[in-house]
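Below are the chains, spelled out letter by letter.
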Amino acid sequence: MRLERILKRVRNTKKLVLFIFLLFLLAFIRVQVFHHSYYQELSLKNITKRVETFAPRGIILDRNNRIIVENRNVLSLSLKREFMDRRNEVLERIEKLISFDKNFINKEIQRKAGLPHFIPILLKKGISFEELSIIEARKADFPEISIIAEPVRYYPYEGIASHVLGYVGSLSRDDAFIYNDLNPSSTIGKTGLEKFYDSILRGENGWIEYFVDSKGKILKRKGFKPFKTGNSLKLTLDISLQTFVEEQLKGEKGAVVVVDPRDGGILALASSPSFTLSLFTPFLLYENWISLSLNPDKPLINRAIQGLYSPGSIFKIVLALAGLQEGVIKPEDAINCPGYINVGNQVYRCWKGGGHGHVNLYRAVVESCNVYFYTLGRKLGAERIKKYAKILGLDELTGIDLPEEMKGVIPDPDWKKETRKESWYEGDTVILSIGQGYIILTPIQVASLITTVANDGVRKIPHLLNGFYDQNGNFHGIDWSVKEKETGIKKEFFEIVKRCMWGVVNDGGTGRASMIQGIDVCGKTGTVEVVSRGRAYIKPHAWFAGFAPLKNPEIVVVVILENAGKGGERAAPIARNIFLYYFGKPVPSTKETDVKTVE
Amino acid sequence: MSKKLRELDFPLLFIVLVLTFTGILLIYSSSPGKELWKKQLIWGIFSIILLFLVLFLNIKSIIFYSPIFYILSIIPLFYLIFFGKKIAGSKSWIDFGYFSIQPSEFVKITTALFLSKIISNFKKDSLTFQNLFIISIITFIPIFLIFLQPDYGTALIFAFLLFASIFIGGIRISTVILLTVILLISGFFLWEYILKEYHKSRIIAIFFPEFDPEGGSYQPLQSKIAIGSGGLLGKGFLKGTQTKAGFLPASSTDFILASAGEEFGFLGIFLILSLYLLLFMRIFKIIEDIEDKGVLVFVFLTFSLIFFQFFLNVSMVLGFFPVIGIPLPFLSYGGSSLLSLYLGIGLILNGKIRGKIEK
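Owing to the predicted nature of the structure, the values given are computational and were not obtained by experimental measurement.

A short note on the interface of chain A and chain B
The parts lose accessible area when they come together, and the size of an interface is often stated as this lost area. Taken residue by residue, the interface counts 34 residues in chain A and 53 residues in chain B. A combined buried area of about 4,000 Å² lies between chain A and chain B, and 74% of that area is made up of carbon and sulfur atoms. Connecting chain A to chain B are 2 salt bridges. A salt bridge links B:Asp125 to A:Arg2, with the shortest nitrogen-to-oxygen separation between them at 2.2 Å. The interface formed by chain A and chain B holds 13 residue pairs in polar contact (both at pLDDT 80 or more) in total. Contributing elements (two or more residues each) for the side of chain A that touches chain B: helix H1 (3-34) and helix H2 (36-47) of chain A.

Topic: the packing of helix H5 (residues 66-83) of chain B against helix H6 (residues 103-120) of chain B
Residues and elements named next belong to chain B. Here H5 crosses H6 at 150°, and the two axes come no closer than 8 Å. Looking at the two axes, H5 sits roughly antiparallel to H6. Crossing hand, H5 versus H6: left-handed. Residues Ser 66, Pro 67, Phe 69, Tyr 70, Ser 73, Ile 74, Pro 76, Leu 77 and Leu 80 of H5 lie in contact with H6, whose contacting residues are Pro 103, Ser 104, Val 107, Thr 110, Thr 111, Leu 113, Phe 114 and Lys 117. For the contact of H5 with H6, the residue count by class is 11 nonpolar, 5 polar and 1 charged.

Side note on the domain arrangement of chain A
All names here are of chain A. Under the domain assignment, chain A is made up of domain 1 (49-235) and domain 2 (239-276 + 301-582). Look at where the C-alpha atoms of domain 1 and domain 2 centre, and you get two points 45 Å apart. Across the contact, 29 residues belong to domain 1 and 30 residues belong to domain 2. Between domain 1 and domain 2 the total buried area reaches about 2,500 Å² when both faces are included, carbon and sulfur atoms providing 62% of it. Viewed at the interface, domain 2 and domain 1 are joined by 0 salt bridges. Applying the counting criterion to the domain 1 and domain 2 interface returns 12 residue pairs in polar contact (both at pLDDT 80 or more). By residue class, the composition of the side of domain 1 that touches domain 2 is 13 nonpolar, 9 polar and 7 charged.

Structural notes on the sheet that holds strand S12 (residues 265-272) of chain A
Residues and elements named next belong to chain A. Reading across the sheet, the 5 strands line up as S12-S11-S23-S22-S21 and stay open at both edges, with antiparallel pairing between neighbours. A strand with exactly one partner marks an edge of an open sheet, and here the two such strands are S12 and strand S21 (522-528). Averaged over neighbouring strand pairs, the angle between their axes works out to 5° when direction is ignored. Sitting on the sheet, helix H18 (residues 443-454) is in contact with strand S11 (254-260), S12, strand S22 (541-548) and strand S23 (555-561), with an inclination near 150° to S23. Across the sheet, helix H19 (residues 491-506) touches S21 and S22, and the angle it forms with S21 is around 70°.

Rules used in this analysis
- All chains use their own residue numbering, which begins from 1 and follows the written sequence.
- Each chain gets a letter, beginning with A, and each ligand a number, beginning with 1, in the order they are written.
- It should be noted that, the model being predicted, local features are given only for residues of pLDDT at least 70 and side-chain atom pairs only at 80 or more, the latter also being counted only at that level, while totals for whole chains, interfaces and linings use all residues.
- Side-chain descriptors were evaluated using all non-hydrogen atoms of the structure, hydrogens and water having been removed beforehand.
- It only takes one pair of heavy atoms within 4.5 Å for two residues to be counted as in contact.
- Two parts placed together each lose some accessible area under a 1.4 Å probe, and adding up what both lose gives the buried area.
- A carboxyl oxygen of Asp or Glu within 4 Å of a side-chain nitrogen of Lys or Arg is what we treat as a salt bridge.
- In protein, a polar contact means a hydrogen-donor-capable atom and an acceptor-capable atom, both N or O and within 3.5 Å, with residues adjacent in sequence counting only if both atoms are side-chain atoms; elsewhere, any N or O pair within 3.5 Å suffices.
- Secondary structure elements follow DSSP: runs of H or I of four or more residues count as helices, runs of E of two or more count as strands, with numbering from the N terminus.
- Fitted lines through C-alpha atoms serve as axes, helices being fitted only where they are in contact, and the angles separating the N-to-C directions of these axes extend from 0 to 180 degrees.
- Here the word oblique covers every angle except those under 35 degrees (roughly parallel), over 145 (roughly antiparallel) and from 65 to 115 (roughly perpendicular).
- A clockwise turn of the near helix away from the far one marks a right-handed crossing, whereas an anticlockwise turn of less than a right angle marks a left-handed crossing.
- Think of it as three bins: nonpolar holds Ala, Val, Leu, Ile, Met, Phe, Trp, Tyr, Cys and Pro, charged holds Asp, Glu, Lys and Arg, and polar takes everything else, Gly as well.
- Note that domain bounds follow an automatic or database assignment of domains.
- By definition, two strands form a pair when at least two bridges between them are found by DSSP.

Right under this line is the structure:
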């Protein structure tokens, strides 16, 4: 082999080497100069970890600034995400020390599947002090586990006002679409005021950014944004009255609404049977959820705003106002009640077999004469009855600041044709006149009606929020009066109806069980026959709706008890107790069920 | 000896020393809290001693006795196959307690010596099949043994060494075609039966980097992030976050250039590349003056060894080549690699001094 040949090959190699260097140089220029910002960003992303800091929700105060909902820290066990792939082994080890809810962990893992790697997986929410000390003592054995403290709801008045306050929970899959700006582990209001005023209560989460290494270990803090605590609600609710009302309802199925008619502020709103909110903290156990949701008495339903009941004789108030405003009746005009009327070939009876004889409006309301109102209703016709129900706000939601409110039904021929595919008969008008048949209303709607009556025709929005305190402690009152409406019905007609309602309680009427010495309680009872299913007799629903005192009313009370009996016998005594309590008078210790009234 | 010392190629020695020093600096920065740089410094001192010791011998005699060195250096490879302990997944190191030695690094030099003896004795200007067979056997023995360790990076360097030998020995087109067929067939068998899934995923990742971001292409991506985020001037000495926070894999060894790119930017990379260019150009210059065929072939093969490692490492760091475990000559941490490089450089320097045919 000749030396020159070899040298020639070496020289060729030299050219190749120079060429490769040029290529490398270009490649580095491309990455380091042209794509610098792209890689710069990736490099920052690598080392930065942002952890959200959760803002505590605002607290909730009653009208006297008593705390009814606040926050307490609960300790939770969580698995650091970098140990995700070892979770089964870690769980097995810890399970020897404390128990776990596998269901909860699986859901949690599903929920956090797509999230950044440093967000921990919750293993157990709300560990006890004993569990904490067990884990703390073996901290060295469990480098995969961290204990985090987070604020959860605490209810000083346990079990009281649960429906009104509502519960909180973590974002569900469906919620995540609505609250798409929220961290998936955020807590939101699910029902009641917690839901309705969620945006006020929630506050704003902050974050801390850390520098981390490739294993997710925190090296140092980079920066932070402090969280903003949520605003605190001040309610119109009086927690002691609420507590009293709930005691009165114990053992019954039904609802009570207590409203201050001067502004529409709700003093108490109770539904029975109830539940305790502490079941939901730190989270609802599956078995508790099952027993709550499968309970035939439906404790989760807020009957005060979701319960739909025929108003019965309470609706006679609407008839009376309509008749007076339309000029169909004069207060002094008497109608003869023979105990029944015939419409077509159908007989409609008054509750009093022998009839009331000649009754004017006052006596008809006081004694709750059906025939008087049958006659009045026929004169008005279904359309005009509906018109006045509408004017009085009964064909719409009251606008109470709770998310679950349901709307009742005020039937008329159009409604019947549309929903029932049947025509309207005269008999439908007759039974509508005494608030039975297709008509259904919620207790809050009835309370709203009584409030309007107490205010001589000014419709006020029943509400729970008085105002809120911002983070600086400044109070922002809510002016609900801007939503007030005039019914347009003459004030004097309200005066007449109020006088009648006074008579119901104080002039030997059906509501005499609500009479209180020295206070002019006004009211109207209602007894709603329930269509019995099967052969067993089912007791009627008992209504009482009233206010006090007659002059410058301060309080509206609506009571409904499901399948309890007659309104005057069952609902009126409870209303009386509430009036007594409100006016600071001694309340009899046992319920007065021996009062004899008939309707 | 003083006359010989005057003929010592100081520029080459200087470049090598600067590279080594740069390496120690980069190791210091890329292995926070560890004392790797000190170890590398000690290895460096031993390497320099070795380099000067080699100058006392005559390179022509070394090439003459190269079969003996070749066989002696192969023995530890057999030892490793049977008695070696796996360190980081392969049986490449012999542990001596305070330090460990990677025998395959030295086999590179002995094989180059043996090949240069054989090639320089070939009669024709291009290789015959017989020639080709002989040099293939010489290289395939270490390739096979190293592949079993397994250390694919080093095995690959030997494959390149064979390629360089064929190139310098000269080859005809017909032989090239035949070799291509053989390569394709053996490549097929390699892919189907020998390469493991993770090797394949690495190779696939070169062509389809968007495939599986946390799998095979994680390391090249982190390497590019390190280099790219360095920008023009770098993040500054000891300030590379990719390196410090552990996102860059093997930041003191295989990916040390990425670490340099992050902290010193394109400027640093340019300077380092320039040093290598100077190194290679200097070796080319030395080759021009060599008259002895054996020495010439040896210097060329040693150059090839260093250049291939450089070329594959830089390609790997840039994400052009799968992550296969090839250190960057002189810069990457590793005692055996440094010793063997200095041995090679020492022999090149020796070749410069004694490469002339004495008249």
